[in-house]
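# Geometric and topological summary
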Amino acid sequence: MSEAVITTEKDAKKLANKKRRALYGEVVPYANDLFEGDLTTAFKERLLASIHVSILGLTKTGQARPIEDLKRFMIISSQFGVNPFKNEIYATYVWNSSTEREELTPIISIHGLRKLARRGGKYSHTGTAEIKKDENGILESVTVPVFGLVNGEPKEFTKYTAFYEEFVQKNKKGEPKSTWKKMPIVMLTKCAEANAIRQAFDISGIYIEEEISREDEQIINQTEEKINE
């Protein structure tokens, strides 16, 4: 291989590193708390570059999401103390008719929500769900109790009843969406637990995906406002 070719490859590599540093270097400080181990800044930049698409996804035209969205998502993850690399929080995009564009909406997993409750040192566990069906065997509601620690002993702090008709996500035909159709009890149980945990441990501004319909822009906008407080 000629010296000219080697030089060109080195220059190309330097240019690629420079571009990556310019894009992801400013994101690294907001994600430092989310990395585990003694990693170099350069490695963190490369990691962020590699997971940019997997975390935020692509636009409808196949383009990467704005770097500012990645930065904002990492800031929110760090503020809440949940880790996107462990699937404790993840990003969705929802169409907002008022701004006529897709907007980033962070969604926490039920595991991430439990982590927030546990952080205060009072969360003990989530109790057994009570499932209620009508005389025809159709799901009506799920009640979930949440237990906290009082003098080191678990005690029921609160419980929440989630009614199927209030939470079920439906398609344009008025039918339950695929996951709600296949696993209605699992979905409704998560909704009940999420609300019970938020009530018991004063957590606000973050929702699990099972609670939010992508067509429900009012809830989405409320979520965004609370996150930005």
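These figures come from a predicted structure and were not determined experimentally. (Residues numbered from 1 in each chain as written. Predicted model: local features only at pLDDT ≥ 70, side-chain atom pairs only at ≥ 80, totals over all residues. Heavy atoms only, no water.)

Here the focus is the side chain of N195. Within the fold, N195 resides in helix α8 (residues 184-201). Accessibility expressed as a relative area gives 14% for N195, which makes it buried. At a separation of 2.9 Å, a polar atom in the side chain of N195 contacts the main-chain carbonyl oxygen of C191. There is a polar contact of 3.2 Å between the side chain of N195 and the side chain of R198. Leave out the neighbours within four places in its chain, and N195 touches Y160, F167 and E211. (Helix = DSSP H or I, 4+ residues; strand = E, 2+ residues; numbered from the N terminus. Buried < 20%, exposed > 50% of the residue type's maximum accessible area, 1.4 Å probe, protein only. Polar contact = N/O pair within 3.5 Å; in protein donor to acceptor, adjacent residues only side chain to side chain. Contact = heavy atoms within 4.5 Å.)

We now examine the packing of aromatic side chains. With the rule as written, the count across this model stands at four aromatic pairs. Plain terms: the ring middles of Y164 and W180 are 6.1 Å apart, the flat faces sit at 65° to each other, and that makes the pair edge-to-face. Pair noted here: Y164 is in helix α6 (residues 164-167) and W180 is in helix α7 (residues 178-182), with a separation of 16 residues, a long-range link. With respect to class, Y164 is no different from W180; both count as buried. Aromatic ring contacts, followed pair by pair, group Y123, F157 and F201 into a single cluster. The aromatic ring of Y93 is capped on one face by R65, whose charged end is 3.6 Å from the ring centroid. (Phe/Tyr/Trp six-rings, centres within 6.5 Å; stacked < 30°, edge-to-face > 60°. Lys NZ or Arg CZ within 6 Å of the ring centre and 35° of its normal.)

A separate point is helix α5 (residues 110-119). An α-helical segment advances 3.6 residues per turn. Residues three or four places apart therefore align on the same side. Buried within α5 are the following residues: I110, G112, L113, L116 and A117. For α5, the angular spread of the buried residues around the axis is 160°, confining them to a single face. Turned more than 90 degrees away from the buried face of α5 sit H111 and R119, all of them exposed. Lining the buried residues of α5 we find α4 (67-80), β2 (101-108), β3 (123-126) and α8. Trailing α5 by a residue or two, G121 shows a phi angle of about 85°, which is positive. (Arc of directions from axis to C-beta.)

Here the focus is the pattern of salt bridges. If you walk through the whole model with that rule in mind, you get 10 salt bridges. Measuring nitrogen to oxygen at the nearest pair gives 3.5 Å for the salt bridge that ties K71 to E68. Of this pair, K71 and E68 both sit in helix α4, separated by three residues, roughly a single helical turn. K71 sits in the buried class, given a relative accessible area of 14%. A cluster of three or more residues bridged by salt bridges with shared partners is formed by E26, E68 and K71. (Salt bridge = Lys/Arg side-chain N within 4 Å of Asp/Glu carboxyl O.)

When you line up the elements, N83 lands in the loop between α4 and β1 (89-96). Side-chain polar atoms of N83 contact the backbone nitrogen of F85, separated by 2.8 Å. Not counting chain neighbours up to four residues away, the residues in contact with N83 comprise L34, E88 and I89.

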